[in-house]
Amino acid sequence: MAEESTVVPDTEENTEKCRCPDCPAYNECMENEGEFFFCSRGNTGCKIDKRGCLCLHCPNEIEYRLNSFYYCEKGAATNKNVATKIL
Ligand code: SF4
Ligand code: SF4
């Protein structure tokens, strides 16, 4: 069994694609902490008001075949929760 590891590399290119700063759930606390790109960098310590998540419309979600959302709460996407189906 493979070790659990994160799947979205924290590169400049991927960082630029992240939709979190435009998301309805993104808030001042996250902004002040400089936090976003949660599928790669892990969850926030800020309180989350779940008013929608843009991850399902994000190019990184599609490219890395992620199948979840609200990574700001759940933490980084890992090889254990990536879609195994052929898209
Ligand atoms: S992980 Fe989803 S809900 Fe959280 S800030 Fe990013 S787009 Fe919004
Ligand atoms: S899937 Fe969500 S957390 Fe990951 S880069 Fe896209 S918007 Fe950001």
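Provided above is the structure to which this section pertains.
Bear in mind the structure is a predicted one, so any value in this text is a computation, not a measurement.

Visitor: Break down the site of ligand 2 for me, citing the residues and quoting the values.
Guide: Taken together, 13 residues are adjacent to ligand 2, and Cys-18, Arg-19, Cys-39, Cys-55 and Cys-58 come closest. Looking at the shell around ligand 2, the elements that each hand over two or more residues are helix 3 (38–41) and helix 4 (59–63).

Visitor: Account for the nonpolar core, with residues named and values stated.
Guide: Soluble, globular proteins show a tendency: their nonpolar side chains are buried together. Of all hydrophobic cores here, the largest spans 18 residues; its most connected members are Cys-20, Phe-36, Phe-37, Phe-38, Cys-39, Cys-55 and Tyr-71. Listing elements by their share of this core, those giving two or more residues are helix 3 and helix 5 (71–74).

Visitor: Report on the environment of Thr-44, specifying residues and quantitative values.
Guide: Relative to the helices and strands, Thr-44 is located in the loop between helix 3 and helix 4. Residue Thr-44 is classed as buried on the basis of its C-beta count, with 20 C-beta atoms lying within 10 Å. Separated by 20 residues in sequence, Thr-44 and Pro-24 have C-alpha atoms that sit 15 Å apart. Setting aside residues no more than four positions away along its own chain, Thr-44 makes contact with Met-30, Glu-35, Phe-38 and Cys-72.

Cut-offs used in this document
Residues numbered from 1 in each chain as written. Chains lettered and ligands numbered in written order. Predicted model: local features only at pLDDT ≥ 70, side-chain atom pairs only at ≥ 80, totals over all residues. Near = placed C-beta within 6 Å. Helix = DSSP H or I, 4+ residues; strand = E, 2+ residues; numbered from the N terminus. Core = buried A, V, L, I, M, F, W, Y, C linked by C-beta atoms within 7 Å. Buried ≥ 20, exposed ≤ 12 C-beta atoms within 10 Å, placed from the backbone. Contact = placed C-beta atoms within 7 Å.

The quantities given are spatial measurements derived from coordinates; they are silent on function.
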